[in-house]
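# Structure assessment
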Amino acid sequence: MDNLLVFSRLWAVRGVLSPPTVRIVHSGQACNVEEERYSERVYTIREGETLELQCLVTGHPRPQIRWTKTAGGASDRPGDSTLHNGTLKISNISRHQGGRYYCKAENGLGSPAIRSIRVDVYYLDDPVITVHQSVGESKEQFYFERTVFLRCVANSNPPVHYSWRRGREALTQGSDAGVEIYEPFFTQGETKILKLKNLRPQDYAGYTCISSVRSVCGIADKSAHFSLNNRTAPPSIKLLLDDPLVVNPGETVSLVCVASAGDPPPSLQWVRPGGEGLPKRSVVNGGTLTLPVVTVEDGGAYSCVASNNVGNAAKKSANILVRGLRKGRFWITPDPYHNDDNIQIGREVKISCQVRPRPPEELQFGWLKNGRPIRSSERMVITHTDSEVTPGTTNLDIIDLKFTDFGTYTCVASLRNGGTPEISIDVNISSTTVPPELSVPRGRSHLIAQEGDTVDLQCLVSGKPKPIILWSRAEESGERYDGVLRVSNVTREMSGTYRCQTSQYNGFNVKPREALIHLVVQCGPPVVEPAFTEIRQALGRAFSLSCRLLRAHPARLLRYEWKLGSRLLTVGQFADDRDDTSYLVKALNREGYGEYTCDITNEAGAGRCTFLVTGKAYAPEFYYDTYSALWQNKPRVYGFKLQWTQMEPNAVDRILAYRLGIRQMSQSRWWEQEIAMEGSIQKGELLTYNLTELVKPESYLVRLTPITRYGEGDTTERIITYSGMLGEFQCGFEDEAVCLFSQDKTDDFEWTRHSAATRDTKYTPNTGPSTDRTGSKQGFYMYIETSRPRLEGDKARLLSPIFNTNSKTSSSSSVTYCFSFYYHMYGKHIGSLNVFLRQKGPTVTDTSVWTLVGNQGDRWRQAKVNIHPAAAFQIVMEGVRGAGIEGDIAIDDVTIEEGECKDPPPNSLDFGPVAVGICIFYMLHIFLSLEV
């Protein structure tokens, strides 16, 4: 970088701001790209190939690119894809990734530019043959007619074409009186049915269905085979297990399914209802499903399905019941004949116990008192609910309670065949066993909170045993053992009355106790906008700051306070009809730069608007559509034309200079220089600065910072990459600026930019292209219209931009470039198409480098020619009108790149003097032939 020189040559071009334009090009593995009449391109690709679409955009500032996909009405970003520099790449594309893809470009000028392309993914799955048999009794004759249907189905895109073979014999409709081939009208070509009427001995044979998409995208035909014989039969199965199968948790369970009939031998599969998957630990081996270490969650229905593509699939189901006990509960019921919730000596008391068993018929209960079994008696009556009823319940009625009955009673629930732990529930009956009481702590029955707070609602519960607390509000409810309901991030909608209530479970079976808590949620501090905004202003200007109130609760006593830093500017109170407050700066001075705040307050707090007022200039915006940006300076170095516009240049003080920083990407050291600016910069004004002595083939990071009297503004960066002389100039004439091509003012008529979708061929249908070079009816190209009033010999000249080459060195050696383009010369009156190299110097010289005469057929052809300019140059495309109106000539996709042309087409030449002479001789020969 020490030898890097940056020439201080700067100039400006007015008005390069432009809205975006878009076109989509493909570079992946397409089978075909064709046009729909009223929409965009249809891009056909084979499943599994790589889709690659590039979104080419123009416009300044540089547009932002976004790809989206719409398929089946859902719009989203393309899945399983990568995006890089506007290129959408989908590797191993699948059928569900077909659909319409949109490229959207926007830069804030005009409407966004949108183009789309429909991607059609082609595929062909293996066909499947299914066999069905109908047996119908004739009403008038005593025999059965057996008709067999062979149905062939294959998923495909495009629609599949089916053909049938019996052995080596091709079967077609009408080839055999006993065979009928047809497509059911409701299937829309999705299947082909082979009907064997009144089955004959020769019909027992091997049948082959061949599915084909006629080799589109190189997709080969696929086939399926079925052997029909007198043993062919649908499947039948049986299960070798009990239903239901009752097992213990932790055991290994095997479900065995065997095929009892069917030819061909059927395949067996285990499934669960509703599409639920098999347990992760399960192992399937043929028709045997094994569940190791079975759990309660593994219980339920399992189905074995057998299929051999003959008739309907066979299906049988079995249920697994995993033993278990859940949700043990108890409650105490005082004597129901007395209006008293307390347990008293001499009165009755009932203890109830409840569990949910599986299976219910195996449930059994036992009772203990202080650890010793008790039996049902006259004073202690034990009852159970019906074993078929779930949940199961047992009751212990103590008649005429005595002091000696006090103690711990234990309800023990178990399953008759074991296999799962029993459940024990202890209930203490004593003088301290008392019904619950519920209350709210003092000062906690009316709560006020701010939005976003966390609030604890608390109810105090006493009693023995201590019951569960149930909370409710509108439709919301929940259980809490500790009597505290925590509500996080409260909102104003959560205001209201909350109820806490004792549950009858795990406590006394008495009228529930309840208490109420009122919660009021205030909106909190006022909500204002903008929360933060940056304002850029020049010195001496007036401007206003406004802070708007969105909502406040409570809405009374709203005040505002404006500050600059810590300095108070003004205070006041909101009127009832106002929802904003403003502060006016009449003339900004240096002390006026800084952070302005506006606080709007109420009882709940304050909302703040913040404004950062600065004199910083906005960032420059690099111009990426520079033509001939690179030039060859010396054999080992190159130059680059750096161009940019200034974002909102009039928002702040005049830009005095730019600080230019540059470094090689492989190094960390920056080289900096100031670029002085004379006069004011206008919005959209294109600024240009030449960088020279850049070392080939190094890439550079360029940084540009505007400077005003306030100081440095925002910085922007870009990377400069050496990609050969001229970079590679490409132009498809898609944007209205036509890549800065221009019309020669000394010719007879002009070239016209057109697309096939808009060109009127009513009067000259036998000339001119029907698409652009890529095959798109929406794509653009340049052409000459030879209809009247054009005359034979009239010329139209199209001039390229000026390209700099070797103009900054005294060396007389020239550099070779390849100039290529596509041309379309179709019509019986085609004149000639000529290409000239125009070089700039003391005098302007035009040298013929390529020419072609006459009708070349209705197709686009490519021409390539080596050119050797020694100075700045232009390419001149000249179309000459022939003898009649059917002589339109078109050009498209012009490129210029450094180096000799590779693989030029037959009509491309490296023009020197001899070649020019040969061409002139050839032209004279043609014209003389025409005269004769």
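Keep in mind it's a predicted model, so treat the numbers as computed, not measured.

With that settled, the discussion passes to the environment of K327. Along the chain, the position of K327 falls in strand β29 (residues 324-334). Expressed as a C-alpha distance, the spacing of K327 and I423, which sit 96 residues apart in the sequence, is 9.4 Å. Setting aside residues up to four positions removed in sequence, K327 forms contacts with Q354, V355 and R356.

Turning our attention to the sheet that holds strand β73 (residues 873-880). Reading across from one edge, β65-β68-β73-β70-β71 is the order of the 5 strands in this open sheet, with antiparallel pairing throughout. Looking along the sheet, the strands with just one partner apiece sit at the ends: β65 (742-743) and β71 (845-853). Here 8 bridges tie strand β70 (residues 832-839) to β71, and the two strands are oriented antiparallel to one another. Counted as the bridge partner of R838 is D846 from β71.

A few words on the packing of aromatic side chains. All chains considered together, the criterion is met by 16 aromatic pairs. On the numbers, 5.4 Å between centres and 50° between planes, the contact of Y823 with W850 is tilted. Note that Y823 is positioned in strand β69 (residues 817-825) and W850 in strand β71, a separation of 27 residues in sequence. Under the relative-accessibility criterion, Y823 is labelled buried at 1%. Aromatic ring contacts, followed pair by pair, group W562, Y583, Y596 and F611 into a single cluster.

With that out of the way, let us pick up the state of the cysteines. In protein chemistry, a disulfide is the covalent bond that joins the sulfur atoms of two cysteines. Summed over the entire model, instances satisfying the criterion amount to 7 disulfides. Here C55 is linked by a disulfide to C103, with a sulfur-sulfur distance of 1.7 Å. Across the disulfide from C55 to C103, rotation about the S-S bond amounts to roughly -85°, and the bridge is consequently left-handed. With a gap of 48 residues between them, C55 in strand β5 (residues 51-60) and C103 in strand β10 (residues 99-106) connect regions that are remote in the sequence. Assigned by exposure class, C55 and C103 land together as buried. Just so you know, C598 is unpaired, no disulfide at all, and the nearest cysteine sulfur is the one on C547, 3.9 Å from it. Look at C598 and you get buried, because its relative accessible area is 0%.

Now for the nonpolar core. Formed by 36 residues in total, the largest nonpolar core has its most connected members in F819 and F821. Ranked by the residues each element gives to this core, the list is headed by β69, at 5 residues. Those residues in contact with F821 that lie beyond four places of it in its chain are L833, V835, W850, R861, Q862, A863, M877, I891, D892, D893 and V894. Among the nonpolar cores identified, the runner-up in size contains 27 residues, and C411, I425, V427 and V510 belong to it.

The next subject is the sheet that holds strand β36 (residues 423-429). Across a sheet, strands are paired by hydrogen bonds formed along the backbone, either parallel or antiparallel in direction. As summarised here, the arrangement of the 4 strands in space is β32-β31-β35-β36, forming an open sheet in which the pairing is antiparallel. Only two strands of the sheet have a single partner each, and these edge strands are β32 (372-373) and β36. Two strands pair when backbone bridges link them, and strand β31 (residues 363-369) and strand β35 (residues 407-415) are joined in this way by 7 bridges, in the antiparallel orientation. Each residue of the ladder has a partner; that of F365, found in β35, is A413.

For the rest of this paragraph, the subject is the pairing of strand β4 (residues 41-46). Counted residue by residue, β4 has 5 buried out of 6 residues, so it is predominantly covered. As defined by bridge partners, β4 adjoins strand β11 (residues 113-124) across 6 bridges and the pair is classed as parallel. Across the sheet, residue R46 finds its bridge partner in β11, namely Y122.

For the rest of this paragraph, the subject is the side chain of D794. Tracing the chain through its elements places D794 in the loop between β67 (780-784) and β68 (795-799). Given the relative accessible area of 14%, D794 is considered buried. Side-chain polar atoms of D794 contact the side chain of R790, separated by 3.5 Å. Apart from residues lying up to four places away in sequence, D794 is in contact with D748, F749, G879, V880 and R881.

Where strand β48 (residues 532-536) lies against strand β54 (residues 605-614), 5 bridges are found, and the strand directions are parallel. By the bridge assignment, E534 is partnered in β54 with L612. Relative to β54, strand β53 (residues 594-602) runs antiparallel, the two being bridged by 9 bridges. If you follow D599 over to β54, its bridge partner there is R608. Here β53 hands over to β54 after 2 residues, the two strands then running antiparallel side by side.

For the structure shown, the criterion picks out 37 salt bridges. Note that R200 and D203 form a salt bridge whose closest N and O atoms lie 3.0 Å from each other. Neither residue differs from the other here; R200 and D203 are each classed as buried. Of the charged contacts in the structure, one is a salt bridge between D714 and R536, with a shortest N-O distance of 2.5 Å. With a gap of 178 residues between them, D714 in the loop between β62 (711-712) and β63 (716-720) and R536 in strand β48 connect regions that are remote in the sequence. Through salt bridges that share partners, R166, E169, D176, R200 and D203 make up one connected network.

Conventions and cut-offs
- Residues numbered from 1 in each chain as written.
- Predicted model: local features only at pLDDT ≥ 70, side-chain atom pairs only at ≥ 80, totals over all residues.
- Heavy atoms only, no water.
- Helix = DSSP H or I, 4+ residues; strand = E, 2+ residues; numbered from the N terminus.
- Contact = heavy atoms within 4.5 Å.
- Pairing = 2+ DSSP bridges.
- Phe/Tyr/Trp six-rings, centres within 6.5 Å; stacked < 30°, edge-to-face > 60°.
- Buried < 20%, exposed > 50% of the residue type's maximum accessible area, 1.4 Å probe, protein only.
- Disulfide = S-S within 2.5 Å.
- Core = buried A, V, L, I, M, F, W, Y, C linked by side-chain atoms within 4.5 Å.
- Polar contact = N/O pair within 3.5 Å; in protein donor to acceptor, adjacent residues only side chain to side chain.
- Salt bridge = Lys/Arg side-chain N within 4 Å of Asp/Glu carboxyl O.

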